[in-house]
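# Structural overview
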Amino acid sequence: MKTTEEKLINRGSEDEMEVRGYRPSLCRMTPVAVGGVCTGGLLFLLFYWLPEWGVKASFRRCSLKEARILLLRTTDEERTWICVKVHVLSAPGLTPFDSGTTPPLKEERRGLADENQGLIPRESFKVHYFTHKRIKYYWNESTRNFERFKGLEDNKVTCAEIHRDHSSGLRKTLQRQRALFFGVNEIDVSVPSLIKIFVKEVMNPFYCFQLFALILWALEDFYDYSIVMAVIFLLSIAASLYTIRKQHVRLHNMVVQHSVVVVSVCRGKKDFEEVLSTELVPGDVLAIPANGMVVPCDAALISGTCIVNESMLTGESVPVTKTSLPNSGEAASKRYTAEEHKQHSIFCGSRVIQSRYRAGEPAKAVVVRTGFSTAKGQLVHSILYPKPTDFKLHRDATQFLMGMVVVAIVGFVYTVVVDVLNEVPLRGIIFDSLNIVTVAVPPILPVALASGIAHAQHRLKRLGLFCVSPQRINICGQLNLLCFDKTGTLTEDCLDLWAIQRAQGGTFLPRDTEVATEDLLKTSFVACMSTCHTLTTVEGQLCGDPLDLKVFTATGSILEEPKEEHAALYNTHIVALVRLPQQSGELGIVHQFPFSSSLQRMTVLVRRQRQTDLDIYLKGAPETVAKLCKAHTGRSGVIFATWRASSRMTVPCIEVPESFGEILEAYTRQGLRVIALAHRQLETEQLSLAEIQSLEREQMESNMDFLGLIIMQNKIKEQTAGALLELRQADIRTLMVTGDNLLTAISVARDCGMVRSHEKVIIVDAAPPHESHPARVTWHYSGNSLLKNNQIATDLNSVVKMCEINFDDAKLDGNYHLAASGRDFAVIAEHFPSLLQKLLLRGTVFARMSPNQKTQLVQALQSMDYIVGMCGDGANDSGALKKAHCGISLSELEASVASPFTSSIPNISCIPNLIREGRAALVTSFCVFKYLALFSTVFFCGMTLLYWVLTNFGIYQMAFIDTGISFFVVFSMCLSPACEKLVRQTPATSLISCSVLFSVVSQFLNCLLFLLVPFLLVQQQSWYEPPVPIFFTEGALNNSTVAPPDQEGPDNVTDVYNVRNFENTSIFYVSAFQFLTLAITLSKGKPFRQPFYKNWVFMLSVLIQYALLLFFLLQPIPAVDDVMQIADVPYGWRITILIIAVAHALASFILEILIPDTWRIITANLQKKGNDQASDANTKMVTKHRSWAFFSWVLCCKKRPPKSKYKRVALELRTEPDWPPVPSAVTYADGPRSRTSVDL
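Below you will find a few notes about this structure.

Analysis parameters
Residues numbered from 1 in each chain as written. Predicted model: local features only at pLDDT ≥ 70, side-chain atom pairs only at ≥ 80, totals over all residues. Heavy atoms only, no water. Helix = DSSP H or I, 4+ residues; strand = E, 2+ residues; numbered from the N terminus. Buried < 20%, exposed > 50% of the residue type's maximum accessible area, 1.4 Å probe, protein only. Contact = heavy atoms within 4.5 Å. Areas by Shrake-Rupley, 256 points an atom, 1.4 Å probe, with all protein chains shown as cover. Polar contact = N/O pair within 3.5 Å; in protein donor to acceptor, adjacent residues only side chain to side chain. Salt bridge = Lys/Arg side-chain N within 4 Å of Asp/Glu carboxyl O. Pairing = 2+ DSSP bridges. Axes fitted to C-alpha atoms, helices over the stretch in contact; angles between N-to-C directions. Patch = residues over 30% accessible without salt bridge, like charges linked within 9 Å, V, L, I, M, F, W, Y side chains within 5 Å. 1 Å grid on protein atoms, 1.4 Å probe; cavity = no way out; pocket = protein on both sides within 12 Å on 5 of 7 lines; lining within 4 Å. Points joined across faces, edges and corners; volume = space filled by probe spheres on them. Nonpolar A, V, L, I, M, F, W, Y, C, P; charged D, E, K, R; others polar. Phe/Tyr/Trp six-rings, centres within 6.5 Å; stacked < 30°, edge-to-face > 60°. Lys NZ or Arg CZ within 6 Å of the ring centre and 35° of its normal. Core = buried A, V, L, I, M, F, W, Y, C linked by side-chain atoms within 4.5 Å. Parallel < 35°, antiparallel > 145°, perpendicular 65-115°, else oblique. Left-handed = near helix turned anticlockwise from the far one by under 90°.

All right, on to the overall build of the protein chain then. Within the protein chain one finds 40 helices and 46 strands. Here the protein chain holds 1240 residues, and the buried ones make up 53% of them. Sequence-distant contacts, at least 24 apart, represent 72% of the contacts inside the protein chain between residues at least 6 apart. Approximately 55700 Å² of the protein chain is accessible, and the part contributed by carbon and sulfur atoms is 56%.

Turning our attention to the side chain of Thr1077. As for its placement among the helices and strands, Thr1077 is situated in helix H34 (residues 1062–1082). In this structure the side chain of Thr1077 is engaged in a polar contact, spanning 2.9 Å, whose partner is the backbone oxygen of Phe1073. Contact partners of Thr1077, with chain neighbours within four places excluded, come to Tyr1106, His1144, Ala1145 and Ser1148.

To continue, consider helix H5 (residues 172–182). When you tally the buried positions in H5, you get nine out of 11 residues, the bulk of the element. Within the span of H5, buried status applies to Leu174, Gln175, Arg176, Gln177, Arg178, Ala179, Leu180, Phe181 and Phe182. Looking at the buried side of H5, the elements it contacts are strand E6 (87–91), strand E7 (125–132) and strand E8 (135–140). One or two positions beyond H5, positive phi appears at Gly183, with a value near 70°.

Our focus in this paragraph is the pattern of salt bridges. Two side chains carrying opposite charge are able to pair once their charged atoms lie near each other. Taken as a whole and judged by the stated rule, the model has 23 salt bridges. In this structure, the salt-bridge partner of Asp496 is Lys550, at a minimum N-O distance of 3.6 Å. With a gap of 54 residues between them, Asp496 in strand E22 (residues 496–504) and Lys550 in helix H18 (residues 546–555) connect regions that are remote in the sequence. The class of Asp496 is partly exposed, set by a relative accessible area of 26%. Residue Glu759 is joined to Arg756 by a salt bridge in which the shortest nitrogen-to-oxygen separation is 3.1 Å. Given a relative accessible area of 35%, Arg756 falls into the partly exposed group.

Attention shifts here to the sheet that holds strand E29 (residues 601–608). Within the open sheet, the nine strands sit side by side as E23-E22-E34-E33-E30-E29-E28-E27-E26. Their pairing is antiparallel. Since the sheet does not close on itself, it has two edges, and those belong to strand E23 (507–508) and strand E26 (558–560), each with one partner. Alignment of E22 against strand E34 (residues 705–713), held across six bridges, turns out to be antiparallel. Among the inter-strand pairings, Ala499 is bridged to a residue of E34, identified as Ile711. Strand contacts of helix H17 (residues 524–531): E22, strand E27 (576–579), strand E28 (586–596), E29, strand E30 (614–620), strand E33 (673–682) and E34, with the helix running at about 60° to E34, the strand carrying the most contacts. Each of E22, E26, E27, E30, E33 and E34 touches H18; the most contacted strand, E34, lies at about 110° to it.

To continue, consider a nonpolar patch on the surface. Among the surface-exposed residues, Met402, Val405, Ile409, Phe412, Val413, Val417 and Leu421 lie close enough to one another that they form a single nonpolar patch of about 630 Å² accessible area. With respect to the secondary-structure elements, Leu421 resides in helix H12 (residues 391–421). In this structure Leu421 comes out as exposed when scored by relative accessible area, which is 68%.

What follows is about empty space enclosed by the protein. Tallying each qualifying case throughout the model produces seven cavities of 30 Å³ or more. In this structure, the largest cavity is lined by 20 residues; those nearest its centre are Met229, Thr438, Pro443, Phe935 and Asp962. For the lining of the largest cavity, the secondary structure elements donating two or more residues are helix H7 (205–219), helix H8 (223–256), helix H13 (426–440), helix H31 (910–948) and helix H32 (955–973). Residues belonging to the lining of the largest cavity are distributed by class as follows: 14 nonpolar, five polar and one charged.

On inspection of all chains with the given rule, the structure shows 27 aromatic pairs. By way of ring pairs, the aromatic residues Tyr931, Phe935, Phe939, Phe953 and Phe1075 are connected into one cluster. In this structure, Arg842 packs its charged tip against the face of Tyr816, placed 4.2 Å from the ring centre.

We now examine the pairing of strand E12 (residues 285–288). Alternating positions in E12 separate into two faces, Val285 and Ala287 on one and Leu286 and Ile288 on the other, with burial throughout. Two elements, strand E10 (residues 262–266) and E12, share two bridges in a ladder whose sense is antiparallel. Looking at E12, one finds that Val265 is bridged to Leu286. Across four bridges, the pairing between E12 and strand E19 (residues 363–369) is antiparallel. From the neighbouring strand, Ile288 faces E19, where its bridge partner is Ala363.

Moving on, we get to the nonpolar core. Counting 101 residues, the largest nonpolar core has Tyr931, Phe939 and Val969 as its most contacted members. No other element matches the 19 residues that H31 contributes to this core. When residues no more than four places from it in sequence are discounted, the contact partners of Phe939 are Val439, Phe953, Met958, Ile961, Asp962 and Phe1075. Of all hydrophobic cores here, the second largest spans 45 residues; its members include Cys752, Ile867, Ile888 and Leu982.

With that settled, the discussion passes to the sheet that holds E6. Spatially, the four strands line up as an open sheet ordered E6-E7-E8-E9, and their pairing is antiparallel. Since the sheet does not close on itself, it has two edges, and those belong to E6 and strand E9 (145–147), each with one partner. Averaged over all pairs of adjacent strands, the angle between their axes in this sheet comes to 40°, without regard to strand direction. Bridge analysis of E6 against E7 gives five bridges, and the strand direction is antiparallel. The residue bridging Val88 from the neighbouring strand is His128, located in E7. Running at roughly 170° to E6, H5 makes contact with E6, E7 and E8 of the sheet.

Turning our eyes to something else, we now look at unusual backbone geometry. Apart from glycine, the bulk of residues carry a negative phi angle, and the bulk of peptide bonds sit in the trans form. Following Trp1219, the chain continues into Pro1220 via a peptide bond in cis, with omega recorded as -5°. One non-glycine residue, Arg144, adopts positive backbone phi at about 50°. On the secondary structure map, Arg144 appears in the loop between E8 and E9. By relative accessible area, Arg144 is classed as partly exposed at 25%.

As a packed pair, H31 and helix H33 (residues 994–1018) sit with axes 10 Å apart at the nearest point and diverge in direction by 25°. By the angle between their directions, the pair H31 and H33 is classed as roughly parallel. Where H31 crosses over H33, the two elements pack in a sense that is right-handed. Residues Phe926, Lys930, Leu934, Thr937, Val938, Cys941, Gly942, Leu945 and Trp948 of H31 lie in contact with H33, whose contacting residues are Val996, Ser999, Val1000, Gln1003, Phe1004, Cys1007, Leu1008, Leu1011, Leu1012 and Phe1015.

Here Ala1143 lies in helix H37 (residues 1131–1171). Residue classification places Ala1143 among the partly exposed residues on the basis of a relative accessible area of 29%. For Ala1143 and Phe1010, which are 133 residues apart along the polypeptide, the C-alpha to C-alpha distance reads 8.4 Å.

Below, the discussion takes up the packing of helix H1 (residues 26–38) against helix H2 (residues 42–49). At a closest axis distance of 6 Å, the pairing of H1 and H2 adopts a crossing angle of 115°. Between H1 and H2, the crossing angle belongs to the class labelled roughly perpendicular. Contacts between H1 and H2 involve Val32, Ala33, Gly35, Gly36 and Val37 on the former and, on the latter, Leu42, Leu43, Phe44 and Phe47.

To continue, consider helix H11 (residues 375–384). With seven of 10 residues buried, H11 is to be regarded as a mostly interior element. Turning to H11, its buried residues number three or more, namely Lys376, Gly377, Leu379, Val380, His381, Ile383 and Leu384.

What follows is about the environment of Gly36. Following the sequence through the fold, Gly36 ends up in helix H1. Each C-alpha atom of the pair Gly36 and Phe47 lies 9.8 Å from the other, and the pair is 11 residues apart in sequence. Dropping the residues within four chain positions of it, Gly36 is found in contact with Gly41, Leu42, Leu43 and Phe44.

Don't take any of this as a statement about function, it's just geometry.
What follows is the structure, given as structure tokens:
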């Protein structure tokens, strides 16, 4: 075995890390300890910042099993190093699920024993583990790697095994054994103390650098300046502490509420005991009270049903029904996973509103996950330790700061050389060289950036947007693609019952707009409408899915909770009782199969009073329901194709009317939502209740009778069209990702403006490979809807006309959109990788998408280099909300862990507001970067010029610049609000971009030029006198004691710079004016922020400092000049300084505003002109001109291939002759490259 073992943990996940093992080495640790002591702890501080250096210097590489120290490195772009310590746990087994007897443990130990507590039981195993980000990883001897235990799912148990092996609960000894591994069941979001936050912040390199500067200034007796800068330092620390602690408190209050509750745990088949929820472990069995509870863990329901509110996890406040795990049949033999069995699982953080049980036994659930392994724990963990999503900005910032460090090194060398040549004493050389380093690197940068984000978060809160992940606010400013759910997001939550259309004898009957009529109430159609739902009554109010509510209330029925006597009346236990109006009868709901997004249907078993047979009612997507309906033997060979490119299925035409496809397409083209109903009578004379309950869902949902259609009208929200128009005008792409019908989604996309009237929709019809036929894609062109004002097309010819398109019209010139269903997306992703990129580039409507497919779509779009936002309002969107760069949940809650952003505004008008604030925050971050970089470099240049003549800035001059200008200007600069209009132009996303570099470099050169002018010009004046070194007795500075030029100072005096001289005064005034000018020019408002003059705090700060400088310059006060160490210069020179400052301001304005804006207009016009060229020859002729090429090169606009993948694909499509495919073309996947043929 190699001693340099290196493996991966969390393979394939976001937290994937490389792991290396190390063990202590005395011969290495000794010199490191000596070096740390000799350097005064600086070596230890360096190793704190660079843990990989410390580990490699102090420890020796070894195998993972022998390791006592592990070095982890993330596999993302940041490649961050983490050092963790390996601990040893004493346990009865190597895993929490090992069988065997457990040594008796004392009650007070509460199942926790490790080497640190000294509680090692006899005959126990030593298990190595380490903790990282509050998650424990244990050594697995079989895989020879560290792994985490998530819960009961680690055993790969099936649903039947959960019923058989885990329904009786755990013995106390086994519970203690598992508690050793899984720990306390809590999501620890403790608020750190201020001392802990303070120490952690002070250890930040920036604050350490600031502390070093304070010590340096204090050693040089600059006490006044040190005190002033210490106050600024403490204020910065305080602001940072306040922001960090406030964020911790907010998350703590949101997560910890009701996190510890008293629960009843089964310790045998009938024995229950009450324990704290913190003692739960996977395998425990919970008893769920009838009046509900807050769920403290993830659990699988094994008996009874529960009505659950999962708003904390999903942002959706609509209660959902959870049923027990299947106990027999094929469904029970499937491996249990929380994702696949959501309908049978209750999740941590959700609230059980009501539980239903039978035979006097409470509803029970088996604990499957605890702590941070739960659904809520994972969401909270992603907030506590967010995955860095803006690597580019972070990388650019690091490179930017490295550049400043290089400048500091150059200044250090320059100062040493100048001082040595001028025979400055050693102490003066050390101070000068270190002092110029403190000027070159801006120490307040981190707190300034954090301040900008905090102000943006506050503004978002005032707009009704709550953020639990502030670092994502800057990402919102980079969004260029947004995915929207349809129902509840683009359209209203509630649906109106538009009509019903029953089927009878293989044909559709005329539509009915009234349901609760005497004739209809006796039909199976109304019985299905009244019973096929998961509604419940809570405190006298009906609760449940809005669609179910509308359908149920339309029948006029009454839902009641069953009583004990109803079991005898219905010969079985029932979960709900439905009373039909006009005394039309009572229906008892025996069993429910809740709606499944993957199956696109729900089913109920219903029994009428004093009858033996059961009725099966089914409700779901029309194409899904039609597949489950039976065929008639008399016309079994007659089939028909449903609407083109919608479902690609064939259905029998006896029970499902022949006009099914045309009628359905006619409704969906109007944007109406269509639900199909079906019925089947189940003869149960020969079946017992247990046999009925053990029937497979697939067995019951077959050979159904088609009942007809429910047509629902889902109105578009008033704000939807306006918000989408604003996004389109800002060149932000929008997509619809829904679980609804494809044609309904296309219709809604047209109605809300996502697809404009003159644009075509190409429907992607993908079919998987079948036998010897390869996978294929058929391209159907969908024209505009011909149905207006509720006109319904029942004639097949009219439907055909809707899909007809002239071949000549297929020359779309980019005015087209692709539309696909979830099935199409899956087939293309698997068999057409080249087409997938085109679908992602041009796709606008994605329908019948399952929750997993929504998540996959977001990830695929991110792989195309899109910055993706996702907006939704329900549980089906939670995965996509989490994976997107910015997830926005439309929820009534102030904040939830379902997504980084939660909007209390229940429509998408919040999206433009979020992007505007994100752009403003991003621009503010860049402005702070640029200003502090220029502030440091200009200050640095001014100091180097003064060093050349052996002088420097005065103490109070530096205090005025650092405090009055730098501190107040930077923090007031962050207060500029976002511009009210969302523009097409996008802010720079890279600090190394041409625009940012041009701004910084040009402003730096401009400042340097106007610093050199007064520095050189003052020396040419007739009244000029060069600065003369001064002398002072040790400990007593006296500026009036000036040594004559031809004399040397006495032995007991030390020479220092004569600060009060003409060069100093000129450089001080000019640089101070420059700092204020830069603050104004860099704080330009439009198009992303409001004009700087609307930021009254900033304007007040700048104007006061301008007024003070002008007053001191033009109306000198001797007392002020003495304190500020300003020389007495002629009034004419003061006017000259003012003219130089004004000239610099004009030049700065031209460089920052006029030139970039003019260049932007020129390039935009040239780009537009280039796009209008009919052929590439003209473009080549333009680029051949050398002057144009040189001009483009100078301004960093030389034509290069785009960096973003989606832009490269778009350019490739422009030159592809066969794209887009012509109508009815078929593309086959018969090799590495697909081929397209035209179906004539």
